[in-house]
Amino acid sequence: MFEHVTPYAGDPILGLMDKFAGDPRGDIKVNLGVGVYYTEDGKLPVLECVKTAEGRIANPPRPRGYLPMDGLAGYKKACQELLFGKDSQVGKDGRVATIATLGGSGALKVGADFIHEWFPNAKCYVSDPTWGNHISIFEGAGLEVGKYPYYDGATIGVKFDEMCAFLNTLNENDVVLLHPCCHNPTGVDLSNEQWDSVLDIIKDKKLIPFMDIAYQGFGDDMDGDAYAIRLAVEKGLSVFVSNSFSKNLSLYGERVGGLSVVAPTKEEADVVLGQLKFTVRRIYSSPPSHGNAVVDTVMNDDELFNQWVGEVYEMRDRIRQMRQKLQDVLTEKLPERDFSYFTKQRGMFSFTGLTAPQVIRLRDEFAIYMVENGRMCVAGLNNANVEYVANSMAEVLK
Ligand SMILES: Cc1[nH+]cc(COP(=O)(O)O)c(/C=N/[C@@H](CC(=O)O)C(=O)O)c1O
C-alpha cells in the first residue's frame, strides 16, 4: 500500500535534538543546534511572568472549551500591539486581520495556504540562506519557492545590490519572505536605510511582503526589532506578519504564534480574517487554550508585561555577553583570524562559516552540536562551556 512512500530524511535542525539527547558524553556535550534559549545554568527557563500568569490561570481551574478559530481577543490584541505599536493607527482603523496560530510555524502555514488560494500565480522568494522550514512550509502549501541573494560570506554582510536587483525582476503578487530582525541562520540584518530601499522596491513592483519575526526583543529591543514591519505599514503596504512567542516567552511547546495581515481597508481586513479562520478550520480548527491564556494574561497586565520585557532583555544581554566571550577567546587562540562576526551578528544565531565537515568533527570528536550549515545557537553557550567550545572550534579550524 505505502511502498511508493519515500522515507523521511529527518529535519536538519530538530533532528539534532534526538541526536544530542542520545549522546552519552553527558559531561562534555554542548547543544548549539536548535534555536532555544538556555540559561547560564544550561536550563530552559520558565519566565517569572509566566509563572505568575499560570498561577492566575490555574486558580480557579478553568474549563478547556474550544477557542474561537482565531484565538482569544486579548491574544490578538497583544500580537497587534507588539508588532504595530500600542496605539497604532492601523490597529485603531481595524485594518489588521490577526489570528492566534500554532506557533510561528502555524502562522507561516496558514499564510502560505491563504496566499496560494487567493494569489494562485504567486511564487515565494526566500533569503539565501534562510530557515529551512520556510521552504518546506511554502512548498507544502503548493507554491514554487525561489531564493533572493542575501548573505555575503566575504563581508559577513548582505549582498544588498544583488538583492535589490533580483527583487526588481519579480512579478506582481510574488511573495518576498523577510526576517524583520535576528535573521535565521545568519544573524545578519538589513540596516534601516536598506529596509527603506527594499520596501520601496516591494511597493513599486506590487510584491507581497511576508515578514516572519520569531525573535522580537533579541535584536535591539521590542520596538526597534519591529522597525521593518512598521515601516511597511507606513509605506501603505499590505503586509503579512508571522510572529512567535516560542523564544521570547520560552513557551516552545505551547505552540503560541500569530499571523497578522494588514489590509488597505477595514472591510478587506474583515474579509481576510474570515478566510484566515476558514483556513485554520481546514488545518487544525482552533488554537491551544493554555498558550493563548498565558499570552493574554502576560501581555494585557502592565506589571507582567513590563516584567516580561525585562526578562527578554536579560536573555538578549546574556547572548550578547556570550558572543563577546567566544569572540575574545577565539581571537586569543587564533589571532590571525577575524572573529568579529560574533558581535556583528544579532539575535540567537551566529553563522560561523564552519564547513559541514568541520561541524561534523565538532559533533563527533567534541560532542558540540551545531546545524551543518555552520549555524550556532549562541544561547547554548555559558561561562562553563564557552572555553571548551572555543578550544574545540580552534582545533577544527586549524
Ligand atoms: C525564523 C523562524 N520562524 C519561525 C520559527 C518557528 O517557531 P515556532 O516554534 O513554530 O513558533 C522559527 C523556529 N526556529 C527554531 C526551531 C525550529 O527549527 O523549529 C530554529 O531555527 O532552530 C524560526 O527560526
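Residues numbered from 1 in each chain as written. Predicted model: local features only at pLDDT ≥ 70, side-chain atom pairs only at ≥ 80, totals over all residues. Heavy atoms only, no water.

Named according to an unreviewed UniProt entry, the protein chain is Aminotransferase originating from Moraxella caprae. Quoted straight from UniProt, the Sequence similarities (unreviewed entry) entry for the protein chain says "Belongs to the class-I pyridoxal-phosphate-dependent aminotransferase family." (UniProt positions renumbered as here; feature names shortened; annotations may be inferred.)

Caption draft 1: Spotlight on empty space enclosed by the protein. Here the structure, examined in full by the defined rule, presents one cavity of 30 Å³ or more. Of the volumes computed, that of the largest cavity is approximately 40 Å³. Looking at the largest cavity, the residues that line it are Ser 127, Tyr 148, Tyr 150, Met 163, Leu 178, His 179, His 183, Leu 190 and Trp 195. Residues that form the lining of the largest cavity fall into these classes: six nonpolar, three polar and no charged. (1 Å grid on protein atoms, 1.4 Å probe; cavity = no way out; pocket = protein on both sides within 12 Å on 5 of 7 lines; lining within 4 Å. Points joined across faces, edges and corners; volume = space filled by probe spheres on them. Nonpolar A, V, L, I, M, F, W, Y, C, P; charged D, E, K, R; others polar.)

Caption draft 2: Expanded view of the site of the ligand. Around the ligand lies a shell of 17 residues, among which Gly 35, Gly 104, Ser 105, Asp 212 and Tyr 215 are the nearest. The backbone of Gly 104 places a nitrogen or oxygen atom 2.6 Å from an oxygen atom of the ligand. At 2.7 Å, a side-chain N or O of Asn 184 approaches an oxygen atom of the ligand. A total of 520 Å² of accessible area belongs to the ligand in isolation, and the protein chains cover 93% of it. For the ligand, the cavity whose grid points lie within 2 Å of the majority of its atoms is the largest pocket. No other element matches the three residues that helix α5 (residues 103-118) contributes to the shell around the ligand. Along the lines of polarity and charge, the residues of the shell around the ligand split into six nonpolar, seven polar and four charged. (Near = heavy atom within 4 Å. Polar contact = N/O pair within 3.5 Å; in protein donor to acceptor, adjacent residues only side chain to side chain. Areas by Shrake-Rupley, 256 points an atom, 1.4 Å probe, with all protein chains shown as cover. Sits in = over half its atoms within 2 Å of the grid points. Helix = DSSP H or I, 4+ residues; strand = E, 2+ residues; numbered from the N terminus.)

Caption draft 3: Representation of helix α2 (residues 48-58) in the model. Along α2, the residues that are buried comprise Cys 49, Val 50, Ala 53 and Ile 57. Down the axis, α2 shows its buried residues gathered within 95 degrees of arc, on one side only. In this structure, the buried residues of α2 make contact with α11 (289-299) and α12 (302-333). (Buried < 20%, exposed > 50% of the residue type's maximum accessible area, 1.4 Å probe, protein only. Arc of directions from axis to C-beta. Contact = heavy atoms within 4.5 Å.)

Caption draft 4: Representation of the pairing of strand β9 (residues 240-244). β9 sits mainly inside the fold: five of its five residues count as buried. Alternating positions in β9 separate into two faces, Phe 240, Ser 242 and Ser 244 on one and Val 241 and Asn 243 on the other, with burial throughout. Summarising the sheet, strand β8 (residues 208-213) and β9 pair through four bridges and their orientation is parallel. Within β9, the residue paired with Met 211 across the bridge is Val 241. For the handedness criterion, the β-α-β arrangement of β8, helix α9 (residues 227-234) and β9 is classed as right-handed. By the bridge criterion, five bridges tie β9 to strand β10 (residues 256-262) in an arrangement that is antiparallel. (Pairing = 2+ DSSP bridges. Right-handed = clockwise from strand over helix to strand, strands pointing away.)

Caption draft 5: Spatial organisation of a nonpolar patch on the surface. Taken together, Met 1, Phe 2 and Val 5 make up a surface patch of nonpolar side chains, about 390 Å² in accessible area. A residue is classified by how much of its surface remains accessible, and Met 1, at 71% relative accessible area, is exposed. (Patch = residues over 30% accessible without salt bridge, like charges linked within 9 Å, V, L, I, M, F, W, Y side chains within 5 Å. Salt bridge = Lys/Arg side-chain N within 4 Å of Asp/Glu carboxyl O.)

Caption draft 6: Looking closely at the nonpolar core. Leu 249, Met 299, Trp 308, Leu 326, Met 348, Met 376 and Met 393 are the most contacted members of the largest nonpolar core, which totals 110 residues. Per-element tally for this core: the top contributor is α12, with 12 residues. Two domains each donate at least three residues to this core, and these are domain 1 (14-46 + 309-397) and domain 2 (66-300). Setting aside residues no more than four positions away along its own chain, Trp 308 makes contact with Leu 47, Cys 49, Leu 82, Met 222, Asn 248, Leu 249, Val 298 and Met 299. In this structure, Phe 114, Ala 122, Leu 177 and Val 261 belong to the second largest nonpolar core, which totals 28 residues. (Core = buried A, V, L, I, M, F, W, Y, C linked by side-chain atoms within 4.5 Å. Domains from an automatic or database assignment.)

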